[in-house]
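Observations on the three-dimensional arrangement
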Amino acid sequence: MSRQPLVVGNWKMNGRRAEARRLSAALVPLVKGVATEVVVCPPFPYLVDVADQLQSSLVKVGAQNCSDHAPGAFTGEVAAEMLVDAGCHYVIVGHSERRTLYQEASSLVAGKAQAAIAAGLVPIVCFGETLEERDAGTTEKVLAEQVTAIQRQFEPALIEKLVFAYEPVWAIGTGVTASPEQVEVAHRFVRGLLAEAGETVRILYGGSVKPGNAAELFSLENVDGGLIGGASLDEHSFAAICQAMG
Ligand code: PGA
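This section reports on the structure supplied with the text. (Residues numbered from 1 in each chain as written. Predicted model: local features only at pLDDT ≥ 70, side-chain atom pairs only at ≥ 80, totals over all residues. Heavy atoms only, no water.)

This part covers the overall build of the protein chain. Across its full length, the protein chain carries eleven helices and eight strands. Its C-alpha atoms give the protein chain a radius of gyration of 17 Å, near enough to 18 Å, the size a compact globule of 246 residues would have. In terms of its C-alpha atoms, the protein chain occupies a principal-axis envelope of roughly 45 × 45 × 35 Å. Long-range pairs, those at least 24 residues apart, make up 71% of the contacts in the protein chain with a sequence separation of at least 6. About 10,900 Å² of surface is accessible on the protein chain, with carbon and sulfur atoms providing 54% of the total. For the protein chain, the distance from the average position of its 19 positive side-chain charges to the average position of its 28 negative side-chain charges is 4 Å. (Helix = DSSP H or I, 4+ residues; strand = E, 2+ residues; numbered from the N terminus. Rg over C-alpha atoms; globule rule 2.2 N^0.38 Å. Contact = heavy atoms within 4.5 Å. Areas by Shrake-Rupley, 256 points an atom, 1.4 Å probe, with all protein chains shown as cover. Lys, Arg positive; Asp, Glu negative; His and termini not counted. Charge placed at Lys NZ, Arg CZ, Asp CG, Glu CD.)

In structure tokens form, the structure reads like this:
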């Protein structure tokens, strides 16, 4: 079983063009030689700038969202093909901020993942429970609903091309990290759901990952890397997290 580790920086709706260029350039020497694949996901308007900046480095570029449609009359949307054209290799779909603030249902997230695969991008499919759902004892039910919605859209053989990211909603941007045990239990459960796709599917953890807790989280058997929000906006913190992956 070999799963290439992956650490992804989700810049969310932060920074300006100059900062996007500065941050991406500053990151390159700091992550040279790390064992993990490294991806940064800037806001849409800065994708081309950042992709140009990173062209001759090993750091790849991803977007934070895409349309579930092919190019056409969809005002305000961005097609997966356009992201490839802009220099992206990855795209995050189904982040909890999109599921909750923009009412994205699991079926829409699955459509986005499918559009991404069709365009040649690797979708990073986020899933996770809220605190209310965890307290009500429904975590596994929620994770299963979100993950099986994706499975329904894909042949099992295609699932291994996707990356999954467990992001408990209560741990995102809160400074509260899920305990290593909570993370491993959730990851093992989802790997079980995805068993048909084989052992190579990568499952990342996201939610208040910092340089101080990354090594412990990344050492867990079923954790293949991280999806990093706040700490990815500082090149030193993000590089330290990448180094923690080994
Ligand atoms: P955080 O965000 O690291 O700031 O908690 C993670 C994410 O939302 O992907």
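Now that the structure has been shown, the text picks up again.
The next point concerns the sheet that holds strand β8 (residues 225-228). In space, the eight strands of this closed barrel follow the order β1-β2-β3-β4-β5-β6-β7-β8, with parallel pairing throughout. Put simply, the sheet's adjacent strands are angled 25° from each other on average, direction ignored. Pairing of strand β7 (residues 202-206) with β8 involves two bridges; the strand directions are parallel. Counted as the bridge partner of Tyr205 is Gly226 from β8. Lying over the sheet, helix α9 (residues 180-193) contacts β5 (122-127), β6 (163-166) and β7, oriented at roughly 150° with respect to β7. (Pairing = 2+ DSSP bridges. Axes fitted to C-alpha atoms, helices over the stretch in contact; angles between N-to-C directions.)

For the rest of this paragraph, the subject is the site of the ligand. If you check the shell around the ligand, you find 13 residues, and the closest are Lys12, His95, Glu167, Gly173 and Ser208. Lys12 is positioned such that a nitrogen or oxygen atom in its side chain is 2.7 Å from an oxygen atom of the ligand. A distance of 2.8 Å separates an oxygen atom of the ligand from a polar atom in the side chain of Glu167. Compared with its free state, where it exposes 280 Å², the ligand has 96% of that area covered by protein. Considering only residue class, the shell around the ligand consists of four nonpolar, seven polar and two charged. (Near = heavy atom within 4 Å. Polar contact = N/O pair within 3.5 Å; in protein donor to acceptor, adjacent residues only side chain to side chain. Nonpolar A, V, L, I, M, F, W, Y, C, P; charged D, E, K, R; others polar.)

Before going further, it helps to spend a moment on the pairing of strand β4 (residues 90-93). Residues Tyr90 and Ile92 line one face of β4 and the alternating positions Val91 and Val93 line the opposite face, and both faces are buried. Relative to β4, strand β3 (residues 60-63) runs parallel, the two sharing two bridges. Residue pairing across strands places Ala63 opposite Val91, the latter belonging to β4. As for the winding sense of the linkage, the β-α-β connection from β3 through helix α3 (residues 80-85) to β4 is right-handed. Pairing geometry for β4 and β5, over four bridges, is parallel. If you follow Val93 over to β5, its bridge partner there is Val125. (Buried < 20%, exposed > 50% of the residue type's maximum accessible area, 1.4 Å probe, protein only. Right-handed = clockwise from strand over helix to strand, strands pointing away.)

The subject of this paragraph is the pattern of salt bridges. Tallying each qualifying case throughout the model produces 14 salt bridges. A salt bridge links Arg3 to Asp224; its shortest N-O distance comes to 2.7 Å. Highlighted residues: Arg3 in the segment before β1 (6-10) and Asp224 in the loop between α10 (211-218) and β8, separated in sequence by 221 residues. Across the pair, Asp224 and Arg3 agree in class, each one buried. Across the pair Asp49 and Arg21 runs a salt bridge whose closest N-O atoms are separated by 3.2 Å. Taken as a pair, Asp49 in helix α2 (residues 47-54) and Arg21 in helix α1 (residues 17-31) lie far apart in primary sequence, 28 residues in all. Take Arg21: its relative accessible area is 34%, and that puts it in the partly exposed class. (Salt bridge = Lys/Arg side-chain N within 4 Å of Asp/Glu carboxyl O.)

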